[in-house]
Amino acid sequence: MALNTELLENSFALLRDQQEEFTQYFYQTLFADYPEVRPLFAHTDMVEQPKKLFKALTLTVATTLSPSPSNGGISLNQESSLH
């Protein structure tokens with residue numbers, strides 16, 4: 001199944017403007033639905049962690065949409081279709 005990159009790009013653009021709300025909702029939901037993971041964050045700076053999460057998501061989306069020199073100019077979307 002091919003990745004709908006237009007949908008990914010458009011959806012993430014909407015999310016980008018709501019970074020703080022998204023990450024707050026993500027961690028509230030994570031800890032409410034899976035309280036057993038909360039101890040894994042005991043020594044985590046929860047002011048910085050949401051920023052790191054969003055940076056990781058941003059990088060993932062960008063790498064999915066654009067070719068990377070580190071993998072021979074193949075985007076993650078193109079690479080996934082090779083497997």
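Let us look at the structure shown here. (Residues numbered from 1 in each chain as written. Predicted model: local features only at pLDDT ≥ 70, side-chain atom pairs only at ≥ 80, totals over all residues. Heavy atoms only, no water.)

## A closer look at the packing of helix α2 (residues 19-33) against helix α3 (residues 49-65)
As a reminder of what qualifies: Here an angle of 0 to 180 degrees is reported between the N-to-C directions of two axes, which are lines fitted to C-alpha atoms, with helices fitted over the stretch in contact. Comment: elements are numbered from the N terminus, with helices defined as DSSP H or I runs of at least four residues and strands as E runs of at least two. When describing relative orientation, an angle under 35 degrees is termed roughly parallel and one over 145 degrees roughly antiparallel, while 65 to 115 degrees is termed roughly perpendicular and anything else oblique. Only heavy atoms enter the contact rule, under which two residues are in contact if any of them lie within 4.5 Å.
Viewed as axis vectors pointing N to C, α2 and α3 meet at an angle of 105°, and their least axial separation amounts to 10 Å. Taken together, the axes of α2 and α3 are roughly perpendicular relative to one another. Here Gln19, Phe22, Thr23, Phe26 and Tyr27 of α2 come into contact with α3, specifically with Gln49, Pro50, Lys51, Leu53, Phe54 and Leu57.

## A short note on the side chain of Thr23
The following threshold applies: Exposure is judged per residue with a 1.4 Å probe applied to protein chains only, and the accessible area is read against the type maximum: over 50% gives exposed, under 20% gives buried, and values in between give partly exposed. Contacts described as polar in this section are N or O atom pairs within 3.5 Å, which, within protein, must combine one atom able to donate a hydrogen with one able to accept it, while residues neighboring in sequence count only if both atoms come from side chains.
Residue placement: Thr23 occurs in helix α2. Since its relative accessible area comes to 5%, Thr23 is described here as buried. There is a polar contact of 3.2 Å between the side chain of Thr23 and the backbone oxygen of Glu20. Once residues within four sequence positions are removed from consideration, Thr23 is found in contact with Pro50, Leu53 and Phe54.

## Some remarks on helix α1 (residues 5-16)
The following threshold applies: An expected span of 1.5 Å times one less than the residue number is assigned to each helix.
A rise of 1.5 Å per residue sets the reference length of α1, with its twelve residues, at 16 Å; its end C-alpha atoms lie 16 Å apart and thus fit the reference within 8%. At the N-terminal end of α1, a side-chain oxygen is found 3.3 Å from the backbone nitrogen of Glu6, two or three residues along, and the residue is Asn4.

## Details of the environment of Leu53
Its location among the elements puts Leu53 in helix α3. Of the residues examined, Leu53 reaches a relative accessible area of 16% and is grouped as buried. As a C-alpha pair, Leu53 and Gln19 span 34 residues in sequence and 9.9 Å in three-dimensional space. Leave out the neighbours within four places in its chain, and Leu53 touches Thr23, Phe26 and Tyr27.

## A look at the pattern of salt bridges
As a reminder of what qualifies: When a carboxyl oxygen of Asp or Glu is within 4 Å of a side-chain nitrogen of Lys or Arg, the pair counts as a salt bridge.
Considering all chains together, one arrives at one salt bridge under this definition. With a shortest N-O distance of 3.4 Å, Lys51 and Glu48 are connected by a salt bridge. Residue classification places Lys51 among the partly exposed residues on the basis of a relative accessible area of 39%. For Glu48, a relative accessible area of 33% translates into the label partly exposed.

## What about the packing of aromatic side chains?
As a reminder, the rule being used: Ring pairs shown here join Phe, Tyr and Trp side chains whose ring centres sit within 6.5 Å, with only the six-membered ring taken for Trp; geometry is labelled stacked below 30 degrees between planes, edge-to-face above 60, and tilted in between. Here, a charge over a ring is recorded when the distance from Lys NZ or Arg CZ to the ring centre is within 6 Å and its angle to the ring normal is within 35 degrees.
What the rule picks out here adds up to seven aromatic pairs. Measuring from ring centre to ring centre gives 5.9 Å for Tyr27 and Phe41, while their planes differ by 75°; the resulting arrangement is edge-to-face. Within this pair, whereas Tyr27 is found in helix α2, its partner Phe41 is found in the loop between α2 and α3, the two being separated by 14 residues in sequence. Ring geometry for Phe31 and Phe41: centres 5.2 Å apart, planes at 75°, overall edge-to-face. Taken together, the residues Phe31 in helix α2 and Phe41 in the loop between α2 and α3 connect sequence positions ten residues apart. Through a chain of ring-to-ring contacts, three or more aromatic side chains come together here, namely Phe12, Phe22, Phe26, Tyr27, Phe31, Phe41 and Phe54. Against the face of Phe31 rests Arg38, its NZ or CZ located 4.2 Å from the ring centre.

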